[in-house]
Amino acid sequence: MATKVAVLGGGIGGLTAGHELASRGFDVEIFDAKKIPGGKARSIPVPDSGTQGRRDLPGEHGFRFFPAFYVHLPDSMSRIPFGPHGATCADNLIGVEAIEIARYDAPPIDLLARVPRSILDLKILIKEIYSHFLPLPMSDLEFFAERLWQVMTSCEERRYAELEPQSWWDFVDAENRSPEYQKFLAEGLSRSLVAARAQEGSARTVGQIQVRLADGMIRGGKGTDRVLNAPTTDALIHPWIAEITRLGGTYHSQSVITAITMEGDRVKSVTVQTPQGSSAIEADYFVCAIPIEHLDPLIDTGLLSAAPELQGVKDLAQNVRWMNGIQFFLTEDVKIVDGHTLYVDSPWAITSISEAQLWKHLDLSQYGDGKVRGILSVDISDWNTPGTFDPKKKAKDLDLQQIADEVWQELKRSQNVDGKEILRDDMIHSWFIDTDIEMSHSARPHPVANLEPLFINTPGSWKQRPKALTSIANFSLASDYVQTQTDLACMEAANEAARVAVNGILDATGWTGQKCRLWSMPMPDALRLWREHDKHRFEQGKPWDGRLIF
Ligand SMILES: Cc1cc2nc3c(=O)[nH]c(=O)nc-3n(C[C@H](O)[C@H](O)[C@H](O)COP(=O)(O)OP(=O)(O)OC[C@H]3O[C@@H](n4cnc5c(N)ncnc54)[C@H](O)[C@@H]3O)c2cc1C
């Protein structure tokens, strides 16, 4: 009889684990709490928006960005068949040309037109590039370039020992510098494209991500910034579940794990609550792909005494912040740029992408009432800073209509510049905010609540974060907060963690076939000699000097 594995949670981590196991003949069942599969990566059809047989409008939890440094998730996608002609989900990834930085009342900046040609140039060119259009003193530019250089040329051991304990904000001395320095340099690309929060994230996590993003841009080509050519559920999640099912696995939605039961030093069963009732599911192995804040209440004293490292999950369960999407459905297609736009003056740290130009094969007239022609998909990454426009409040303190109003005003102020009117009020057909943002009836402490926040790698959190393989031989973890090479709460990290979890099961069951592939994520290879030099110095207890001479 095949070894039975219960996968708890059906987001990117759970789907990856289910796929890898089912393709090796394991008996896999995935249990997910929600009606719509895919976790934070899911699309959300706008309820009751489709009329006369058309599909509901394609809403999203938040738009999807696949930077060039992702390798694990694209590998999974290349093994998911898509359509009848031999294509895979990896073929649904398309490279986009531009990353635009939009400012209030000033023309936007196209970042990709200005990247250096080699990582070795980065330090010099940061000064040259930014000095052309930013009112920043050269000393600020030099200081920031030096900090980035330090991340790139520090050996791994030093990055853990010296960068991990401090915030990126402190490391780049943002607090003592100008708002322009904070917006363009300290926050930079990480501001809202990824959940690497400059103010709260560790210098190691945010620094490494900034370097990887910059390296991807420098290497250029179509892979710099990739997006899907259709809503995530159509382009990835549904085909993935179909493939797992074809391989013999099962995906159960609306199945909430309410308890994890130990017997001796192993997990014996989980309790699953469905609309039909509650039952105990036994399995040989359990892969837990539930987000950290939902796993926390499931860790009881039995689980904790068998795996004391799970205390880290309890300690970090509140290390989550809000990041959610809102889509503006428009009666015209407003292209803006072929890629993402960062709104550096937005106090709510919004980013946007205009979807219709990328979802080329999607006939929007077949959605909603047939009148939508464009979709501006926006992520809001800061819910705690007052907005620019009346009533100048935090997103958390507003109702859904007020949130939509503020975001639209911020978009207009950043796009309608130089006498152009790119966005007009009469274009708005409707808007949709992620259903995880719920209006609270009591309005206390905030009018809205977020059912699905995102994990943040705060300074020093690395040591508290568990590894994918726990001390319990048949219980592993496969979600974005787990210690991974990717080291950022994103789809790539969830996929990588799941591969490690599955490899643990393969080892334990004496599997002799191919294990899940894992890639390391080093800093740019061109700077390897600098890092070797730094390692030598680190071992001698000497500080980083950023040089090459031994
Ligand atoms: C707005 C937004 C935009 C983002 N954009 C990007 C992006 O562009 N690129 C990128 O790489 N990453 C992005 N991310 C991050 C990325 O979506 C997540 O890091 C990743 O999807 C996490 O996958 P996961 O499987 O670890 O967890 P999740 O996606 O959270 O999946 C966990 C699943 O567990 C289920 N669950 C929870 N509790 C239970 C329970 N008790 N029983 C059963 N099931 C349960 C949930 O329903 C969920 O389906 C974004 C995140 C947000 C919030």
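In what follows, the accompanying structure is described. (Residues numbered from 1 in each chain as written. Predicted model: local features only at pLDDT ≥ 70, side-chain atom pairs only at ≥ 80, totals over all residues. Heavy atoms only, no water.)

### Brief notes about the overall build of the protein chain
The following threshold applies: Segments assigned H or I by DSSP are reported as helices when at least four residues long, segments assigned E as strands when at least two residues long, and all are numbered from the N terminus. Here the globule rule is a power law, 2.2 Å times the number of residues to the power 0.38, and the radius of gyration is based on C-alpha atoms. Only protein chains enter the accessibility calculation, which uses a 1.4 Å probe. A residue is then buried if its area is under 20% of the maximum for its type, exposed if over 50%, and partly exposed in between. For this analysis, residues touch if any pair of their heavy atoms sits within 4.5 Å. Areas reported as accessible are Shrake-Rupley estimates using a 1.4 Å probe. Residue values count occlusion only from the protein chains shown. As used throughout, the charge tally considers Lys and Arg to be positive and Asp and Glu to be negative, leaving His and the chain termini uncounted. Lys charges are placed at NZ, Arg charges at CZ, Asp charges at CG and Glu charges at CD.
The helix and strand tally for the protein chain stands at 16 helices and 26 strands. For 550 residues, the compact-globule estimate of 2.2 N^0.38 gives 24 Å, and the protein chain sits close to it at 23 Å. With the C-alpha coordinates of the protein chain rotated into their principal frame, the extents come out at 70 × 65 × 55 Å. When burial is assessed residue by residue, the protein chain has 59% of its 550 residues classed as buried. When contacts within the protein chain are restricted to residue pairs at least 6 apart in sequence, those whose partners lie at least 24 apart make up 69%. Carbon together with sulfur atoms contributes 50% to the accessible area of the protein chain, which is approximately 21,600 Å² in total. Charged side chains in the protein chain number 57 positive and 74 negative. The centres of these two groups are separated by 3 Å.

### Concerning the packing of aromatic side chains
Operational definition: For this analysis, a ring pair means two rings from Phe, Tyr or Trp (six-membered ring only for Trp) whose centres lie within 6.5 Å, classed as stacked if their planes differ by under 30 degrees, edge-to-face if by over 60, and tilted for the remaining angles.
Inspection of every chain in the model, using the stated rule, returns 11 aromatic pairs. Taking 6.2 Å as the distance between ring centres and 45 degrees as the angle between the ring planes, the aromatic pair formed by Phe26 and Trp511 counts as tilted. Residue Phe26 is found in the loop between α1 (12-22) and β2 (27-31), and its partner Trp511 is found in the loop between α15 (491-508) and α16 (528-539); the two are separated by 485 residues along the sequence. Judged by its relative accessible area of 7%, Phe26 falls in the buried class. Trp511 sits in the partly exposed class, given a relative accessible area of 31%. Measuring from centroid to centroid gives 5.3 Å for Tyr160 and Trp462, while their planes differ by 50 degrees, and the two rings are tilted. Highlighted residues: Tyr160 in helix α5 (residues 156-163) and Trp462 in helix α14 (residues 461-464), separated in sequence by 302 residues.

### Some points on the sheet that holds strand β16 (residues 285-288)
Keep this limit in mind: Each pair of strands is called paired provided DSSP finds at least two bridges between the two strands. The angle between two axes is taken between their N-to-C directions and runs from 0 to 180 degrees, where each axis is a line fitted to C-alpha atoms and a helix contributes only its stretch in contact.
Taking strand neighbours across the sheet as the criterion, the 5 strands line up as β12-β2-β1-β16-β26 in an open arrangement whose pairing is parallel. Looking at which strands have only one partner, the edges of the open sheet turn out to be β12 (250-252) and β26 (475-477). Strand-to-strand twist of the sheet, defined as the mean angle between neighbouring strand axes without regard to direction, takes the value 20 degrees. Pairing of strand β1 (residues 4-8) with β16 involves 4 bridges; the strand directions are parallel. Bridged to Ala6 within β16 is Phe286.

### Quick word on the site of the ligand
Formally: Working definition: residue near molecule or strand if any one of its non-hydrogen atoms lies within 4 Å of it. The definition of a polar contact used here is a pair of N or O atoms within 3.5 Å, where within protein one atom must be able to donate a hydrogen and the other to accept one, and adjacent residues in sequence count solely through side-chain atom pairs. Buried and open spaces are told apart on a 1 Å grid over the protein atoms alone, a cavity being a set of points where a 1.4 Å probe fits but cannot get out and a pocket being an open set with protein on both sides within 12 Å along at least five of seven lines. Residues with an atom within 4 Å of a point are the lining residues. Should more than half of a molecule's atoms lie within 2 Å of a pocket's or cavity's grid points, that molecule is taken to sit in it.
Around the ligand, a shell composed of 34 residues is seen, among which Asp32, Phe65, Tyr70, Ser479 and Asp480 lie nearest. Measuring from an oxygen atom of the ligand, one finds a side-chain N or O atom of Lys40 at 2.7 Å. Contact between the ligand and Phe65: an oxygen atom at 2.6 Å from a main-chain N or O atom of the residue. Here the ligand has 990 Å² of accessible area as a free molecule, and 97% of this is covered by the chains. A majority-of-atoms criterion places the ligand in the largest pocket.

### Regarding unusual backbone geometry
With an omega of 5 degrees, the peptide bond running from Asp390 to Pro391 counts as cis. The phi torsion at Asp48 lies on the positive side, around 60 degrees, for a residue other than glycine. Relative to the helices and strands, Asp48 resides in the loop between β3 (43-45) and β4 (58-60).

### Some words on the layout of surface pockets
The condition is simple: Grid points are joined across faces, edges and corners, and a volume is the space filled by probe spheres set on the points. For this classification, Asp, Glu, Lys and Arg are treated as charged, while Ala, Val, Leu, Ile, Met, Phe, Trp, Tyr, Cys and Pro are nonpolar and the rest, including Gly, are polar. Where each domain starts and ends comes from a domain assignment, either automatic or drawn from a database.
In this structure, the largest pocket spans a volume of roughly 880 Å³. Every residue lining the largest pocket is counted, 43 residues in all, and those nearest its centre are Gly39, Lys40, Ala41, Pro291 and Glu452. Elements with a minimum of two residues in the lining of the largest pocket: α1, β13 (256-263) and α15. A per-element tally of the lining of the largest pocket places α1 first, with 3 residues. By residue class, the composition of the lining of the largest pocket is 24 nonpolar, 12 polar and 7 charged. Per-domain counts for the lining of the largest pocket show at least three residues from each of domain 1 (4-42 + 69-91 + 232-318 + 462-508) and domain 3 (116-219).

### Here's the deal with empty space enclosed by the protein
Inspection of every chain in the model, using the stated rule, returns 3 cavities of 30 Å³ or more. Along the walls of the second largest cavity sit Glu60, Phe63, Arg64, Val227, Leu228, Ala230, Thr232, His340, Ile353, Glu355 and Trp359, which together make up its complete lining. A class-by-class count of the residues in the lining of the second largest cavity yields 6 nonpolar, 2 polar and 3 charged.

### Quick look at the pattern of salt bridges
The condition that has to hold: Salt-bridge detection follows one rule: a side-chain nitrogen of Lys or Arg within 4 Å of a carboxyl oxygen of Asp or Glu.
Summed over all chains, the structure comprises 34 salt bridges. A salt bridge links Glu200 to Arg321; the shortest N-O distance between them is 2.6 Å. Taken together, the residues Glu200 in the loop between α7 (179-187) and α8 (203-219) and Arg321 in strand β17 (residues 320-321) connect sequence positions 121 residues apart. For Lys314, the salt bridge identified is with Asp296, shortest N-O distance 2.8 Å. Taken together, the positions of Lys314 in helix α12 (residues 311-316) and Asp296 in the loop between α10 (292-295) and α11 (301-306) put the pair 18 residues apart, joining distant regions of the chain. We classify Lys314 as partly exposed; its relative accessible area is 26%. Take Asp296: its relative accessible area is 16%, and that puts it in the buried class. Overlapping salt bridges, with partners in common, bring together Glu20, Arg24, Asp75, Arg79 and Arg499 in one network.

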